[in-house]
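Chain by chain, the residues run as shown.
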Amino acid sequence: MSEDLTLSIIKPNAVRNKKIGKIISIFEESNLKIKKAKLMTLNKSKAETFYKEHANKPFFDELVKFMTSGPIMVLVLEGTNAVEENRRLMGATNPAEAKNGTIRSLYADSMTENAVHGSDSQKSAHSEIAFFFNE
Ligand code: ATP
Ligand code: MG
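Let me sum up the structure you'll find in this document. (Residues numbered from 1 in each chain as written. Chains lettered and ligands numbered in written order. Predicted model: local features only at pLDDT ≥ 70, side-chain atom pairs only at ≥ 80, totals over all residues. Heavy atoms only, no water.)

## Re the overall build of the protein chain
Next, step 1: Each helix and strand in the protein chain was counted, giving seven helices and four strands.
Next, step 2: For the protein chain, the N- to C-terminal ordering of α and β elements is β-α-α-β-α-α-β-α-α-β-α.
Next, step 3: Against the compact-globule benchmark of 14 Å for 135 residues, the protein chain has a radius of gyration of 14 Å, which places it among compact chains.
Next, step 4: With respect to the principal axes defined by its C-alpha atoms, the protein chain has extents near 40 × 35 × 25 Å.
Next, step 5: Taking all 135 residues of the protein chain together, 48% fall into the buried category.
Next, step 6: At a minimum sequence separation of 6, the contacts of the protein chain that also span at least 24 residues come to 78%.
Next, step 7: Carbon and sulfur atoms form 49% of the exposed surface of the protein chain, whose accessible area is close to 7500 Å². (Helix = DSSP H or I, 4+ residues; strand = E, 2+ residues; numbered from the N terminus. Rg over C-alpha atoms; globule rule 2.2 N^0.38 Å. Buried < 20%, exposed > 50% of the residue type's maximum accessible area, 1.4 Å probe, protein only. Contact = heavy atoms within 4.5 Å. Areas by Shrake-Rupley, 256 points an atom, 1.4 Å probe, with all protein chains shown as cover.)

This is the structure:
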């Protein structure tokens, strides 16, 4: 059976709060395998491009400011149903609604500073992986 890929980002609040190791442990204890990882800092233009689907949302400026506020760790994860599996581990966007034990329930500080990103489809996983790793 073929394995899928997805893109994960450990966001600036989780890096600042020294949660990289805890979050990576959750991935390692799951069925997802870490294929690539790098620490980097997004500039404004790169963050705006990454979240361009949200350009018209009221939270866009706050989101870009947050995502450029410090280093992030970008990972490629591989496994069966990797997109869905990663989103299950992450929990709901709003940490108040995230199930106990999910990454966001443990490490989100707010709706914006919600610790992790995960691709929302195989198509976006493909383009997000290229965005970060094919440069
Ligand atoms: P991500 O794309 O980061 O994995 P998601 O797919 O769960 O998160 P999206 O709807 O794509 O959620 O929103 C992108 C990001 O924008 C969220 O993760 C969060 O950081 C921020 N965000 C979304 N909705 C709000 C909101 N109502 N208020 C503040 N920030 C928000
Ligand atoms: Mg999203």
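## Here's the deal with the layout of surface pockets
Next, step 1: Size it by volume and the largest pocket reaches roughly 410 Å³.
Next, step 2: Along the wall of the largest pocket there are 19 residues; nearest its centre are K11, Y51, H54, T93 and R104.
Next, step 3: Taken together, the elements giving at least two residues each to the lining of the largest pocket come down to α5 (82-90), β4 (116-118) and α7 (122-133).
Next, step 4: Residues that form the lining of the largest pocket fall into these classes: six nonpolar, seven polar and six charged.
Next, step 5: As a volume, the second largest pocket reaches approximately 180 Å³.
Next, step 6: Of all elements in the fold, only α3 (44-50) and α7 reach the threshold of two or more residues within the lining of the second largest pocket.
Next, step 7: Per-element accounting of the lining of the second largest pocket gives the leading share, four residues, to α7.
Next, step 8: For the lining of the second largest pocket, a count of residues per class yields two nonpolar, three polar and three charged. (1 Å grid on protein atoms, 1.4 Å probe; cavity = no way out; pocket = protein on both sides within 12 Å on 5 of 7 lines; lining within 4 Å. Points joined across faces, edges and corners; volume = space filled by probe spheres on them. Nonpolar A, V, L, I, M, F, W, Y, C, P; charged D, E, K, R; others polar.)

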